[in-house]
Amino acid sequence: MRGFSLIELAIASLIMALLLGSIMVPLQGQVRIRKLDETQRILDQARDALLGYVAANGYFPCPASSTSNGQEAVTSHATGVCAGSVTFATALSGFLPAVTLGFTPVDGSGYALDAWGLQQNRIRYAVANASIAVTAACPVPTNPYTNPYTRTNGMRNASMACIQSLTTLLYVCRTGTGVTATGCAASTDELSDNAIAVIWSLGENAPTGGAAPHEDKNLNNTRVFVLAPYSTTAGAVFDDQLTWIGPPMLFSKLIAAGQLP
């Protein structure tokens, strides 16, 4: 009884490698889909936690900073001032304040993670940094009325009409091409032009993410965010995931909780 020749063993090994490869590629795709679905679930839960917090307190928490261990980085909710580490010209931007929200699970430092689970995959969060000017239609207490979203009774004092009239809320664009620090390239690119809060994940490529022309817009601390189609194409990579809170969703929660008339 003769054994296998080296050529026969090589052919068998090649066939086995091809079979394993054909199995592994679909499995990797299935794992990626599960992680994308799980990350979206986490983002939706984070959005609900924020809405619950607002319903109970009447204002949004400040974002967490990279050193606040999952606690909001706040100076004073009496004036709506968040810490400088998360305060930018048109957006208060940092990480989801999971500890402040009582959100679980969190990592050992108190930050919520997306389904990819690395430190770079901490859930991000931004809230509009806007002011309202006194007008006949908006007789707010001071001129300008700053930080209404993170301020004690800020939204109650500002009123629904004044908040809806603001043109300096957060934008979500369907493409990063042509985006500026203040808006999408065109109105047809807008998924939202009045988001009050945005919650997002940097996706599987978070350790090396932030590539132009799309993903970099979600890391530049402006009021403009991008939710482009999923892509692994060089020069147009995008795997970030986003959700946001607009005025109608917010107002329904505040009215139901008695925070707004």
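What counts, and at which threshold
- Residues numbered from 1 in each chain as written.
- Predicted model: local features only at pLDDT ≥ 70, side-chain atom pairs only at ≥ 80, totals over all residues.
- Heavy atoms only, no water.
- Helix = DSSP H or I, 4+ residues; strand = E, 2+ residues; numbered from the N terminus.
- Buried < 20%, exposed > 50% of the residue type's maximum accessible area, 1.4 Å probe, protein only.
- Areas by Shrake-Rupley, 256 points an atom, 1.4 Å probe, with all protein chains shown as cover.
- Lys, Arg positive; Asp, Glu negative; His and termini not counted.
- Charge placed at Lys NZ, Arg CZ, Asp CG, Glu CD.
- Disulfide = S-S within 2.5 Å.
- Pairing = 2+ DSSP bridges.
- Axes fitted to C-alpha atoms, helices over the stretch in contact; angles between N-to-C directions.
- Polar contact = N/O pair within 3.5 Å; in protein donor to acceptor, adjacent residues only side chain to side chain.
- Contact = heavy atoms within 4.5 Å.
- 1 Å grid on protein atoms, 1.4 Å probe; cavity = no way out; pocket = protein on both sides within 12 Å on 5 of 7 lines; lining within 4 Å.
- Points joined across faces, edges and corners; volume = space filled by probe spheres on them.
- Nonpolar A, V, L, I, M, F, W, Y, C, P; charged D, E, K, R; others polar.
- Phe/Tyr/Trp six-rings, centres within 6.5 Å; stacked < 30°, edge-to-face > 60°.

Student: Now, about the overall build of the protein chain: what can you tell me, with residues and values included?
Tutor: When its secondary structure is counted, the protein chain shows 5 helices and 11 strands. Counting only C-alpha atoms and orienting by the principal axes, one finds that the protein chain spans roughly 100 × 40 × 30 Å. Counting only residues that meet the buried cut, the protein chain has 45% of its 261 residues in that class. Summing over all exposed atoms, the protein chain offers an accessible surface of approximately 12300 Å²; the carbon and sulfur share of this is 60%. Computed over 14 positive and 16 negative side-chain charges, the inter-centroid distance for the protein chain is 4 Å.

Student: Report on the state of the cysteines, specifying residues and quantitative values.
Tutor: Per the stated rule, a full pass over the model turns up 3 disulfides. Note that Cys62 is cross-linked by a disulfide to Cys82, the S-S spacing being 2.0 Å. The sign of the -85 degrees torsion about the S-S bond sets the Cys62-Cys82 disulfide as left-handed. With Cys62 in the loop between helix H1 (6-57) and strand E1 (74-76) and Cys82 in strand E2 (residues 81-82), this residue pair connects regions lying 20 residues apart in the sequence. For the residue pair Cys62 and Cys82, the accessibility class agrees, reading buried in each case. A sulfur-sulfur distance of 2.2 Å marks the disulfide that ties Cys138 to Cys162. Looking along the S-S bond of the Cys138-Cys162 disulfide, the torsion reads about -125 degrees, which is the left-handed sense.

Student: Would you mind going over the sheet that holds strand E9 (residues 197-201) in detail, with residue names and values included?
Tutor: The 4 strands lie next to each other as E3-E4-E9-E11, forming an open sheet whose pairing is antiparallel. The sheet is open, and its two borders are formed by strand E3 (91-95) and strand E11 (241-245), each paired with just one other strand. Put simply, the sheet's adjacent strands are angled 15 degrees from each other on average, direction ignored. Direction of pairing for E3 relative to strand E4 (residues 124-128): antiparallel, over a ladder of 5 bridges. When the sheet's bridge partners are listed, Ala91 is paired in E4 with Ala128.

Student: Mind laying out the sheet that holds strand E7 (residues 170-173), listing which residues take part and the relevant values?
Tutor: A sheet is described by the order of its strands in space; here 3 strands give the open sequence E8-E7-E10, paired in mixed fashion. The open sheet is flanked by strand E8 (190-195) and strand E10 (224-226), the only strands paired with a single partner. Between one strand and the next, the sheet's axes are offset by a mean angle of 15 degrees, whatever the strand orientation.

Student: Now, about the side chain of Ser201: what can you tell me, with residues and values included?
Tutor: Tracing the backbone shows Ser201 in strand E9. At 3.0 Å, the side chain of Ser201 forms a polar contact with the backbone nitrogen of Gly203. Contact partners of Ser201, with chain neighbours within four places excluded, come to Thr39, Leu43, Asp114, Ile123, Asp240 and Gln241.

Student: Give me empty space enclosed by the protein: which residues, what numbers.
Tutor: Gaps left between atoms show up when a probe the size of a water molecule is rolled over them. With the rule as written, the count across this model stands at 1 cavity of 30 Å³ or more. In this model, the largest cavity occupies a volume close to 50 Å³. Contributing to the lining of the largest cavity are Asn57, Gly58, Asn153, Met155, Arg156, Leu254, Gln259 and Leu260. Here the residues of the lining of the largest cavity are counted per class, giving 3 nonpolar, 4 polar and 1 charged.

Student: Outline the packing of aromatic side chains, listing residues and values.
Tutor: On inspection of all chains with the given rule, the structure shows 3 aromatic pairs. Ring geometry for Tyr53 against Tyr59: centres 5.9 Å apart, planes inclined by 75 degrees, an arrangement best described as edge-to-face. The same class applies to Tyr53 and to Tyr59, which are both buried. With centroids separated by 5.5 Å and ring planes inclined at 70 degrees, the aromatic side chains of Phe95 and Tyr111 adopt a geometry described as edge-to-face. Residue Phe95 is located in strand E3, and its partner Tyr111 is located in the loop between helix H2 (98-101) and E4; the two are separated by 16 residues in the primary sequence. In this structure Tyr111 comes out as buried when scored by relative accessible area, which is 1%.

Student: Any details on the environment of Pro207? Residues and values, ideally.
Tutor: Checked against the element boundaries, Pro207 lands in the loop between E9 and E10. Between the C-alpha atom of Pro207 and that of Ser109, which follows or precedes it by 98 residues, the distance is 18 Å. When near neighbours in sequence (up to four residues on either side) are disregarded, Pro207 contacts Leu118 and Gln120.

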